[in-house]
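Residue-level listing of the chains:
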Number of protein chains: 2
Amino acid sequence: MSKPTLSQTGGSLLIAWQLKDKNVLIVGGGELLSKAYIPAQKSSSTSTPSRITYYDRRFSGPAEIHKMDMVLTALDDANRSREICEMCRKARIAVNAADIPDLCDFYFGAQIRDGPLQIMISTNGNGPRMAALMKKKIQAALSGSEGEAIDRVGVLRAQLKERSPGVGGPLGRRRMKWMSEVCNTWEIDDLTKLDDAAITKLLDEGWEKNTVPSPQNFFSNHSRASKISLQLSHVGDLIPFIGTFALGGLCATLLFLGHRHV
Amino acid sequence: MSKPTLSQTGGSLLIAWQLKDKNVLIVGGGELLSKAYIPAQKSSSTSTPSRITYYDRRFSGPAEIHKMDMVLTALDDANRSREICEMCRKARIAVNAADIPDLCDFYFGAQIRDGPLQIMISTNGNGPRMAALMKKKIQAALSGSEGEAIDRVGVLRAQLKERSPGVGGPLGRRRMKWMSEVCNTWEIDDLTKLDDAAITKLLDEGWEKNTVPSPQNFFSNHSRASKISLQLSHVGDLIPFIGTFALGGLCATLLFLGHRHV
């Protein structure tokens, strides 16, 4: 082997960054970004308060990054990118420079999103094509119901906490154990059937009696009425996923500084 | 539906954080961490320069975080965690407080690591058990050779860049197109067979002639000698993956502040 492999030298720390109430500055990107994001912003302005501000002007210096939590540069001018990255480093602001991996505090990877389920695939710079292939392989292994199942488990967990509140202790442990057992014994498709009525029933007949019913038994004596409400609740899941990076699905304020004059 | 689902309100920004030459402070963790990490540090001290410093003392205040790039708290005392998080927020240092999601700038998720391939699965706080189930499902879909394949593609890519250097332009585009075609037409198992001799051959017979041979043709006239070197090269891949978060697989310096006296 001509060089040490990455498995011997280390990798990245994969994290889920919370952009809620944060400010992100994107310097450059020019035509591509303005074409992609400005029309998107316009089309959503009736339903979503805009979290994008587009400035078609030159990057003026350190004052620009003062209130930022994250900076991305997408410039053709590598020297300008380097300067901005150095400003960010001094100010302790996480920075990514497109196409200049050495300057980056963080990288992006191939991403899969299905409601609350998010998956990132990183090859640590060993080829974006391979990340895309891995993404395809993983997507093929998922049924497409996982996001909905995780969403319903989240609601079940929240309602269980409401019913039996408190942090830690024997009750906390019992809650955790019971939730694990539900997730371990129920299949993804069973979990997606947990509409609000079924969740109440599961807490009444399962949690309160300290047992986890099998989904077969649980759903076979589930009333016809709740089956109807179940079907209706599925309509809600058809609401298209609107949240994107730019549209504030991540609740961040994005500021674009135009490319042309940079 | 009783509450808006996450798919409508946004998620996280998944990123691959680069810890190289960074400082990470972990406050607390006490017995668990000292048991797990101190012996690990001892056992590796002969081969790896230590990147862990353990202080068995009280967290003294803002000066502690001054040179940190990332802070994690693992304290039973939620108020103390909150104080430390506020210090970090003021100083613009990314912080994670164990068990207090509201205070976190970032979360962790279930992780899969296979050499240069890293996968993170996040359920956005909707249950760690579901993340573990997704991890199992994804692991079952992978053959276990992906990491090695990605590693070999990384070497191929690096040698191609050495042979035909330069950033961007028509040559850059030709390189990218040729690499994509190799990844698209060769299977994972074919890619793992790319030892150093095979890589040179592929560049000579493929890149130089502006073609991508099929792996069947390519390996059928591959000499017996290089098959032997191929087998030997596999021994290198058996070297166990030693790098972990604590051992500097991520090249960060970790500073632990003991739990007991905090």
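Residues numbered from 1 in each chain as written. Chains lettered and ligands numbered in written order. Predicted model: local features only at pLDDT ≥ 70, side-chain atom pairs only at ≥ 80, totals over all residues. Heavy atoms only, no water.

Quick word on the overall build of chain A
The cut-off we apply is this: Elements are defined by DSSP. Helices are runs of H or I of four residues or more, strands are runs of E of two residues or more, and each kind is numbered from the N terminus. For every residue, the accessible area (1.4 Å probe, protein chains only) is compared with the maximum for its type, and the residue is labelled buried under 20%, exposed over 50%, or partly exposed between those bounds. For this analysis, residues touch if any pair of their heavy atoms sits within 4.5 Å. Using a 1.4 Å probe, the Shrake-Rupley method yields the accessible areas, and only the shown protein chains count as cover for residues.
When its secondary structure is counted, chain A shows 10 helices and nine strands. Residues classed as buried in chain A amount to 48% of the 262 residues present. Contacts in chain A between residues far apart in sequence, at least 24 positions, make up 68% of those at least 6 positions apart. Split by element, the accessible area of chain A, about 13000 Å² in all, is 54% carbon and sulfur.

Details of the UniProt feature "domain: Siroheme synthase central" (unreviewed entry) in chain A
Just so we agree on the cut-off: UniProt positions are given in the numbering used here, feature names are shortened, and annotations may be inferred rather than shown by experiment.
Here, UniProt's "domain: Siroheme synthase central" (unreviewed entry) annotation points to residues 114-140 of chain A. Between the first and last C-alpha atoms of residues 114-140 of chain A the distance is 13 Å; the span itself is 48% helix and 26% strand.

Here we look at the pattern of salt bridges
The test is simple: In what follows, salt bridge is the name for a side-chain nitrogen of Lys or Arg lying within 4 Å of a carboxyl oxygen of Asp or Glu.
Enumeration according to the criterion identifies 23 salt bridges over all chains in this entry. Across the pair aspartate 105 of chain B and lysine 22 of chain A runs a salt bridge whose closest N-O atoms are separated by 2.8 Å. Here aspartate 105 of chain B is found in the loop between β5 (94-97) and β6 (106-107), whereas its partner lysine 22 of chain A is found in the loop between β1 (13-17) and β2 (23-28) on a different chain. For aspartate 105 of chain B, a relative accessible area of 6% translates into the label buried. On the basis of relative accessibility, which here comes to 11%, the residue lysine 22 of chain A falls in the buried class. Here aspartate 105 of chain B and arginine 89 of chain B are joined by a salt bridge, their closest N and O atoms 2.8 Å apart. On the criterion of sequence distance, the pair formed by aspartate 105 of chain B in the loop between β5 and β6 and arginine 89 of chain B in helix α3 (residues 78-90) is long-range, its members being 16 residues apart. The network of salt bridges with common partners includes Lys22 of chain A together with Arg89 and Asp105 of chain B.

Side note on the sheet that holds strand β7 (residues 110-114) of chain B
Inclusion rule: The pairing criterion is simple: DSSP has to find at least two bridges between the two strands. Axis lines are fitted through C-alpha atoms, for helices just across the contact stretch, and the angle between N-to-C directions can take any value from 0 to 180 degrees.
Strands sit in the order β7(A)-β8(A)-β8(B)-β7(B) across an open sheet of four strands; the sheet is antiparallel. At either margin of the open sheet sits one strand with a lone partner, and together these are β7 (110-114) of chain A together with β7 of chain B. Each strand axis lies, on average, 10° off the axis of its neighbour in the sheet, ignoring direction. Pairing between β7 of chain B and strand β8 (residues 117-122) of chain B: five bridges, direction antiparallel. Bridging across to β8 of chain B, aspartate 114 of chain B finds its partner in leucine 117 of chain B. Across the sheet, helix α4 (residues 128-141) of chain A lies against β7 and β8 (117-122) of chain A together with β8 of chain B, angled at about 25° from β7 of chain A, the strand it touches most.

Thoughts on the packing of aromatic side chains
We count it as follows: In summary, the pairing rule links any two rings of Phe, Tyr or Trp, Trp by its six-membered ring, whose centres are within 6.5 Å, and it sorts them by plane angle into stacked for under 30 degrees, edge-to-face for over 60 and tilted for everything else.
One pass over the structure, following the stated rule, counts 13 aromatic pairs over all chains. Seen from their ring centres, phenylalanine 106 of chain A and phenylalanine 108 of chain A are 5.5 Å apart, and the 85° between their planes marks the pair as edge-to-face. According to the relative accessible area criterion, phenylalanine 106 of chain A is buried, its value standing at 0%. A residue is classified by how much of its surface remains accessible, and phenylalanine 108 of chain A, at 36% relative accessible area, is partly exposed. Pairing phenylalanine 218 of chain A with phenylalanine 219 of chain A gives two aromatic rings, centres 5.0 Å apart and planes at 85°, and the pair type is edge-to-face. Through a chain of ring-to-ring contacts, the aromatic side chains of Trp17, Phe106 and Phe108 of chain A together with Trp17, Phe106 and Phe108 of chain B assemble into a single cluster.

Focus on the pairing of β5 of chain B
Residue and element names in this part refer to chain B. Where we set the bar: Handedness rule for crossovers: strands pointing away from the viewer, path from the first strand over the helix to the second running clockwise, crossover right-handed.
Burial of β5 is two-sided: the residues Ala94 and Asn96 facing one way and the residues Val95 and Ala97 facing the other way are all buried. Here strand β4 (residues 70-74) pairs with β5 via four bridges, running parallel. Each residue of the ladder has a partner; that of methionine 70, found in β5, is alanine 94. Regarding topology, α3 serves as the crossover connection from β4 to the parallel β5, and that connection is right-handed.

Here's the deal with the packing of α4 of chain A against helix α6 (residues 169-185) of chain B
The description of two packed helices rests on the angle between their axes and on the distance between the axes. Applied cut-off: Convention used here: angles under 35 degrees read as roughly parallel, angles over 145 as roughly antiparallel, angles from 65 to 115 as roughly perpendicular, and any remaining angle as oblique. Take the far helix as your reference; a near helix turned counterclockwise from it by less than a right angle gives a left-handed crossing, and one turned clockwise gives a right-handed crossing. Side-chain classes are defined by residue name, with Ala, Val, Leu, Ile, Met, Phe, Trp, Tyr, Cys and Pro counting as nonpolar, Asp, Glu, Lys and Arg as charged, and the others, Gly among them, as polar.
Axis separation between α4 of chain A and α6 of chain B bottoms out at 9 Å; the angle between their running directions is 30°. Between α4 of chain A and α6 of chain B, the interaxial angle falls into the category roughly parallel. Considering only the axes of α4 of chain A and α6 of chain B, their crossing is right-handed. When α4 of chain A is examined against α6 of chain B, the residues Arg129, Met130 and Leu133 of chain A are found in contact with a partner set consisting of Ser180, Cys183 and Asn184 of chain B. Its residues assigned to classes, the contact of α4 of chain A with α6 of chain B shows three nonpolar, two polar and one charged.

Describing helix α8 (residues 196-207) of chain B
Residues and elements named next belong to chain B. Our working rule: To estimate how far a helix should extend, the number of its residues minus one is multiplied by 1.5 Å.
Along its 12 residues, α8 runs 15 Å from first to last C-alpha, staying within 8% of the 16 Å computed at 1.5 Å per residue. Looking only at α8, the buried set comprises Ala198, Ile199, Lys201, Leu202, Leu203, Gly206 and Trp207. Those residues of α8 that are buried lie in contact with α5 (146-163), α6 and α9 (215-220).

Structural notes on the nonpolar core
Rule in force here: Buried Ala, Val, Leu, Ile, Met, Phe, Trp, Tyr and Cys residues form a nonpolar core when they are joined through side-chain atoms within 4.5 Å.
Counting 65 residues, the largest nonpolar core has Ile119 and Trp178 of chain A together with Ile119 and Trp178 of chain B as the members making the most contacts within it. Residue contacts for tryptophan 178 of chain B: discarding those within four places in its chain leaves Leu156, Leu160, Leu202, Leu203, Gly206, Trp207, Thr211 and Val212 of chain B. Membership of the second largest hydrophobic core comes to 20 residues, among which are Val24 and Ala94 of chain A together with Trp17 and Val24 of chain B.

A short note on helix α5 (residues 146-163) of chain A
Between its first and last C-alpha, α5 of chain A extends 26 Å over 18 residues, near the 26 Å set by a 1.5 Å rise per residue. Buried within α5 of chain A we find Glu146, Gly147, Ala149, Ile150, Asp151, Arg152, Val153, Gly154, Val155, Leu156 and Leu160 of chain A.

Here's the deal with the pairing of strand β2 (residues 23-28) of chain B
All names here are of chain B. Across the six residues of β2, five count as buried, placing the element largely inside the fold. Relative to β4, β2 is paired through five bridges, and the arrangement is parallel. Note on β4: the bridge partner recorded for valine 24 is methionine 70.

As for the packing of α5 of chain B against α6 of chain B
Residues and elements named next belong to chain B. The contact between α5 and α6 brings their axes to 11 Å, and the two run at 155°. As judged from the angle between their axes, α5 and α6 are roughly antiparallel. In terms of crossing hand, the pair formed by α5 and α6 is right-handed. Touching Val153, Leu156, Arg157, Leu160 and Lys161 of α5 are Arg175, Trp178, Met179, Val182 and Cys183, all from α6. In terms of residue class, the contact of α5 with α6 is made up of seven nonpolar, no polar and three charged.

Let's talk about the side chain of asparagine 96 of chain B
Residue and element names in this part refer to chain B. Operational definition: Whenever two N or O atoms come within 3.5 Å, that pair is a polar contact, provided that in protein one can donate a hydrogen and the other can accept it, and provided that, for residues adjacent in sequence, both atoms are side-chain atoms.
Note on placement: asparagine 96 falls in strand β5. Take asparagine 96: its relative accessible area is 8%, and that puts it in the buried class. At a separation of 2.9 Å, a polar atom in the side chain of asparagine 96 contacts the main-chain carbonyl oxygen of phenylalanine 106. Excluding its chain neighbours within four sequence positions, the residues that come into contact with asparagine 96 are Val71, Leu72, Thr73, Cys104, Phe106, Tyr107 and Phe108.

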